[in-house]
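# Architecture and fold: a report
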Amino acid sequence: MPFQPRDLAGIWTPNGNGFGGGGRCRDCGDRGFSMEFPVFTPAGQAAFDKNTPSYGRAKDSDDAKAHPEEHIGRRRAQPPALGNDTYGTCNPMGMPRASLYPDPVELIVLPDRILQHFQWGYGLRTIWMDGRKLPAAEDIDIPRWWGYAVGRWDGNTLVVESTGYDERTWVDHFGYPHSDEMVLQERYTRINYDTIELKMTLTDPKYYAKPWTSETKRMHLLPKTFIQSSGWNGLLEDLCAPANELEFNRLIRDPAGTGKPAEPGDKR
Amino acid sequence: MTRSREVAWCVAVVLGCLATSGSLSGHHGTLVSYDRDQAWTAKAVVTEFRYVNPHAQIYFDVKDKEHAGHWSGELLPNPAQLIASGWTRKRSTEMLKAGTPITVTVAPARAGGMVVLMLRIVNDKGEELLGAAPPPGAAPRPVP
């Protein structure tokens, strides 16, 4: 099937089922940023230790002990009720985590920018293509959940550089931290009609002693009519609404993690 | 994309693109809260079903001695996954009206209490609901 390598418009998915939660497809890579062991600075190690994720192998489990080849970040999961993942109360995932989540993303290409519209959370990130320069970390007054991002073409690869991320977002589901000095480089290459490859490098001298490189991640183009609900095509409004999330946490997540009955009352 | 290309892609999704992560992960990381090695099965009666984000929920009563009580059940699929597997809101809520007798297989919470992860729901006709194989023509079953 012929394709234009610089045409990235469309709905792309790393999801095993096309859309909607669950696992990533077999050739898309997993939810983690990298299997390579990160090298933390002392400040980075302290930040890592403070994070309590709920993804990966259960902390201290036989399963966790059976996989010493994996970094401890992938072997320390605790129930969300005991964790501190800000995503558990519907805060934006930020980057690169959102790109590792197994839900579709629509790339909307405008003359001066590319919008990444993530289905889960209904998150919107802007990649400016108008030639502006990335602000220096020390010049950023207000960090953003979705950061500041600029893009350019290197041959047929879209190179995105971004910074200015809110430190409360995590690098991935396993609770790897980043500081407000993180600079993320993403390289998107459309390798065939329905596949984009993504390679990322995280540079954050405050928390990481050397740049950390991702594995190659992939996502696939969805047919336009693939996501359909009520006869309506296009991304679902998979908004992470606090009204839903707080009730779920009260009725299910917290009792399941603590063994205590649900607190009375509706928190919506 | 031609129709044949679309079909080919969808078949590839069904057959080739299943989940890969070394450890399963629920939508909100809640899987780690449950012990699937201690799963149990019992007859139950639906008291409420919620077709909501971030996960669908089912509430039910069990009368048998060993597991008697009112239980809260988390389903791994969220509405997007249920839609993808053919379980629309209308179909799901009609099949799980309050008072519907069902047989459930669940994983208890590691911490104890009355919350469980739903592994299987079967109605009195023997039909598997929600997490079951999708109906003919529907998108593939969600993979947790």
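Computed from a predicted model, the values in this text were never measured in an experiment. Counting restarts for each chain, with residues numbered from 1 along the sequence as it is written. In the order they appear in the text, chains get letters beginning with A and ligands get numbers beginning with 1. With pLDDT at 70 or above as the cut-off, local features in this predicted model cover only qualifying residues; side-chain atom pairs require 80 or more to be listed or tallied, and sums for whole chains, interfaces and linings still use all residues. In computing side-chain properties, one takes all heavy atoms of the structure into account and sets aside hydrogens as well as water.

## Regarding the overall build of chain A
Worth spelling out the cut-off: Starting at the N terminus, helices and strands are each numbered in turn, a helix being any DSSP run of H or I of at least four residues and a strand any DSSP run of E of at least two. Buried, partly exposed and exposed residues are distinguished by accessible area as a fraction of the type maximum, computed with a 1.4 Å probe on protein chains only: under 20%, between the cut-offs, and over 50%, respectively. Residue contacts follow a heavy-atom distance rule, with two residues in contact if any of their heavy atoms lie within 4.5 Å. For accessible areas, the Shrake-Rupley method is used with a probe of radius 1.4 Å. Any residue's cover is judged against the shown protein chains and nothing else. Working convention for charge: Lys and Arg count positive, Asp and Glu count negative, and His plus the chain ends are omitted. Charge placement uses NZ in Lys and CZ in Arg. For Asp and Glu, CG and CD serve respectively.
Helices and strands together make up the secondary structure of chain A, namely four helices and 12 strands. Along the first, second and third principal axes, the C-alpha atoms of chain A reach 55 × 50 × 40 Å. Taken across its 268 residues, chain A has 54% of its residues classed as buried. Restricting to contacts in chain A with at least 6 residues of sequence separation, those with at least 24 account for 60%. For chain A, the accessible area works out to roughly 11,300 Å², and carbon and sulfur atoms hold 52% of it. For chain A, the centre of its 32 positive side-chain charges and the centre of its 37 negative side-chain charges are spaced 1 Å apart.

## Digging into helix H4 (residues 242-258) of chain A
Quick reminder of the rule: One less than the residue count of a helix, multiplied by 1.5 Å, gives the span that helix is expected to have. Each residue is assigned a bend, namely the angle between axes fitted to the seven residues that terminate at it and the seven residues that start at it.
The end-to-end C-alpha distance of H4(A) is 21 Å, clearly below the 24 Å that 17 residues give at a rise of 1.5 Å each. The sharpest bend along H4(A) measures roughly 50 degrees and falls at A:Asn249. Within H4(A), the full set of buried residues consists of A:Glu245, A:Glu247, A:Phe248, A:Asn249, A:Arg250, A:Leu251, A:Ile252, A:Arg253, A:Pro255, A:Ala256 and A:Gly257. Buried residues along H4(A) sit in contact with strand E1 (40-50), strand E2 (57-62), strand E3 (69-74) and strand E5 (115-123) of chain B. Phi for A:Gly259, located one or two positions after H4(A), is positive at around 80 degrees.

## A look at helix H1 (residues 42-50) of chain A
Residues and elements named next belong to chain A. To keep it simple, the criterion reads: Here the arc refers to the set of directions running from the helix axis out to each C-beta atom.
Those residues of H1 not exposed but buried are Gly44, Ala47 and Phe48. End-on view of H1: buried residues confined to an arc of 100 degrees, all on one side of the axis. Opposite the packed face of H1, turned more than 90 degrees from it, sit the exposed residues Pro42, Asp49 and Lys50.

## Section: the pattern of salt bridges
Residues and elements named next belong to chain A. Here is the rule: Within this document, salt bridges are pairs made up of a side-chain nitrogen of Lys or Arg and a carboxyl oxygen of Asp or Glu, the two lying within 4 Å of each other.
Throughout the structure, instances matching the rule amount to 17 salt bridges over all chains. Between arginine 218 and glutamate 197 there is a salt bridge whose closest N-O contact spans 3.0 Å. In this pair, arginine 218 sits in strand E10 (residues 217-221) while glutamate 197 sits in strand E8 (residues 195-203), placing the two residues 21 residues apart along the sequence. Among the residues examined, arginine 218 registers a relative accessible area of 26% and is labelled partly exposed. A residue is classified by how much of its surface remains accessible, and glutamate 197, at 15% relative accessible area, is buried. Each member of the salt-bridge network shares a partner with another, and the members are Asp30, Arg74, Glu215 and Lys217.

## Details of the packing of aromatic side chains
Definition in use: Two aromatic rings, drawn from Phe, Tyr or Trp (for Trp, its six-membered ring), form a pair once their centres lie within 6.5 Å of each other, and the interplanar angle then sorts them: stacked below 30 degrees, edge-to-face above 60, tilted otherwise. Either the NZ atom of lysine or the CZ atom of arginine qualifies as a charge over a ring when it sits within 6 Å of the ring centre and within 35 degrees of the ring normal.
Using the criterion set out here, one finds 12 aromatic pairs over all chains in the structure. Measuring from centroid to centroid gives 5.0 Å for A:Phe33 and A:Trp212, while their planes differ by 50 degrees, and the two rings are tilted. A residue pair is termed long-range when its members are at least 10 positions apart, and A:Phe33 in the loop between strand E1 (10-13) and H1 and A:Trp212 in strand E9 (residues 212-213) qualify at 179 residues. Both residues of the pair, A:Phe33 and A:Trp212, count as buried. These aromatic residues form a ring-pair network of at least three members: A:Phe33, A:Phe40, A:Phe48, A:Tyr176, A:Tyr208 and A:Trp212. Here the basic side chain of A:Arg132 rests over the ring of A:Trp128, its NZ or CZ set 3.8 Å away from the ring centre. The cationic tip of B:Arg91 hangs over the ring face of B:Trp87; the distance from NZ or CZ to the ring centre is 3.5 Å.

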